[in-house]
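Each chain, letter by letter, is given below.
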Amino acid sequence: MTKIKICGLRRREDARILNLFKPDYAGFIFYPKSRRCISGETALALREALDPAIRTVGVFVNERPERILALVRSGAIDAIQLHGEESPEAVRWLKEKAGVPILKAIRVKEKKSLQGLEAYDCDYFLLDAFTAQYGGAGRTFDETLLQGAVIPRPFFMAGGLDAENVGPIIERTRPYGVDVSSAVETDGVKDAAKIRAFIEAVKRKDEQHE
């Protein structure tokens, strides 16, 4: 079954919505330049409001390792997503110290973007469209770049996914999971109807392969 990650939670209402529809993961953003950035205190409150079965993922961009470890130890996050220029050595060190799953985001621009991934001692990759700034731009990347590429870990597809295109994208790329944020919002706020439609679209595609 394709895993589902809803990213960018900020409000208790967001947690209530996710509890209704039960995605696998909820993403908390700790990148100060993101409009969805939240504090550690808010993250902990949201973790407590979420169904325990929904795993929380902290999203970081070139963050100090000490802060990441503090958030893990607080219980606010169950996994770490590294979305910056973190080196394979930094990923390995953090994995040893944190003891939780790590997702390494790869901003896909060209074939070269997908080379050398075996150097990362992570649990998953998250493949997103390249942008000049960090963070999603709400657009997909050229999937043909995956042809012939060796992705040595299970991967999430991210960037520009919505209820209409997620099924065909799953069909073509067969990812471990999918990640969505802006496409399940209305005026910058998580929308229950859009989250439900997205999750149902993923489940329909999975049912076709059972």
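Note: the structure precedes this text.
Counting starts from 1 at the beginning of each chain's written sequence and moves along it residue by residue. Whole-chain, interface and lining totals are the exception, using all residues; otherwise, since this is a predicted model, local features are given only for residues with pLDDT of at least 70 and side-chain atom pairs are given and counted only at 80 or more. Hydrogen atoms and water are omitted, and side-chain values are computed over all heavy atoms in the structure.

### Re helix α4 (residues 88-98)
Keep this limit in mind: The rule is simple: take the accessible area with a 1.4 Å probe, protein chains only, and divide by the maximum for that residue type; under 20% is buried, over 50% is exposed, in between is partly exposed. We count a stretch as a helix when DSSP gives it H or I for four or more residues in a row; a strand needs E for two or more, and each element gets its number in order from the N terminus. For this quantity, the arc is that covered by the directions from the helix axis to the C-beta atoms. Two residues qualify as a contact provided that any one of their heavy atoms is within 4.5 Å of a heavy atom in the partner residue.
Among the residues of α4, Pro-88, Val-91, Leu-94 and Ala-98 are the ones counted as buried. Around the axis of α4, the buried residues are gathered within 130° of arc, so they sit on the same side. Structural note: α4 exposes Glu-89 and Glu-96 on the side pointing more than 90 degrees away from its buried face. Residues of α4 that are buried make contact with α3 (65-74), β4 (79-82) and β5 (102-108). In the stretch just after α4, Gly-99 is the one whose phi turns positive, near 70°.

### Structural notes on the pairing of strand β2 (residues 25-29)
Worth spelling out the cut-off: Strands are treated as partners if at least two bridges between them are detected by DSSP.
Of all five residues that make up β2, five are buried, and the element is covered over most of its length. Both faces of β2 are covered, namely the face carrying Tyr-25, Gly-27 and Ile-29 and the face carrying Ala-26 and Phe-28. Pairing analysis gives three bridges linking strand β1 (residues 3-7) to β2, with the strands arranged parallel. Along β2, the bridge assignment pairs Cys-7 with Gly-27.

### Quick word on the packing of aromatic side chains
The cut-off we apply is this: Only Phe, Tyr and Trp rings take part, Trp by its six-membered ring, and two of them pair if their centres are within 6.5 Å. Stacked means planes under 30 degrees apart, edge-to-face means over 60, and tilted covers everything else.
Going through the model one piece at a time under the given rule, you end up with six aromatic pairs. A centroid spacing of 5.7 Å and a plane angle of 80° characterise the contact between Tyr-25 and Phe-156, whose relative ring orientation is edge-to-face. One end of the pair, Tyr-25, is in strand β2; the other, Phe-156, is in strand β7 (residues 155-157), with 131 residues separating them in the sequence. Between Tyr-120 and Phe-125 the ring centres are 6.3 Å apart and the planes differ by 85°, which places this aromatic pair in the edge-to-face class. Comparing Tyr-120 with Phe-125 shows no difference in burial state: the two are buried. Taken together, the aromatic side chains of Tyr-25, Tyr-124, Phe-156 and Tyr-176 make up a single cluster linked through ring pairs.

### A few points about the pattern of salt bridges
Operational definition: Salt bridge, as used here: a side-chain nitrogen of Lys or Arg that lies within 4 Å of a carboxyl oxygen of Asp or Glu.
Scanning the entire structure with this criterion turns up 16 salt bridges. For the salt bridge of Asp-78 with Arg-47, the shortest nitrogen-to-oxygen distance reads 2.6 Å. With a gap of 31 residues between them, Asp-78 in the loop between α3 and β4 and Arg-47 in helix α2 (residues 40-49) connect regions that are remote in the sequence. Under the relative-accessibility criterion, Asp-78 is labelled partly exposed at 22%. The class of Arg-47 is buried, set by a relative accessible area of 11%.

### Comments concerning the environment of Met-1
Structurally, Met-1 is set in the segment before β1. On the basis of relative accessible area, Met-1 is assigned to the exposed category, the value being 67%. When the C-alpha atoms of Met-1 and His-209 are compared, they prove to be 9.2 Å apart, with 208 residues separating the residues in sequence.

### Overview of the packing of helix α5 (residues 166-173) against helix α6 (residues 192-208)
The axes of two packed helices give the description: the angle between them and the distance between them. Note the threshold: Helix axes are fitted to C-alpha atoms over the stretch in contact, other axes to C-alpha atoms as well, and angles between N-to-C directions run from 0 to 180 degrees. In these notes the angle categories are as follows: under 35 degrees is roughly parallel, over 145 is roughly antiparallel, 65 to 115 is roughly perpendicular, and the rest is oblique. The hand of a helix crossing depends on one turn: near helix anticlockwise from the far one by less than a right angle means left-handed, and clockwise means right-handed.
In the contact formed by α5 and α6, the axes pass within 8 Å of each other and the chain directions differ by 40°. With respect to α6, the element α5 is oriented oblique. Two packed elements cross with a definite hand, and for α5 against α6 that hand is right-handed. Here α5 contributes Val-166, Gly-167, Ile-170 and Glu-171 to the contact with α6, which in turn contributes Phe-198, Ala-201, Val-202 and Lys-205.

### Overview of the sheet that holds β7
Pairing between the strands of a sheet is mediated by backbone hydrogen bonds and can be parallel or antiparallel. Judged by pairing direction, the barrel is parallel, and its eight strands sit side by side in the order β1-β2-β3-β4-β5-β6-β7-β8 before closing back on the first. Recorded for the sheet is a direction-independent mean angle of 25° between the axes of neighbouring strands. Of the pairings in the sheet, the one linking β5 to strand β6 (residues 124-129) comprises six bridges and is parallel in character. By the bridge assignment for β6, Arg-107 is matched with Asp-128.

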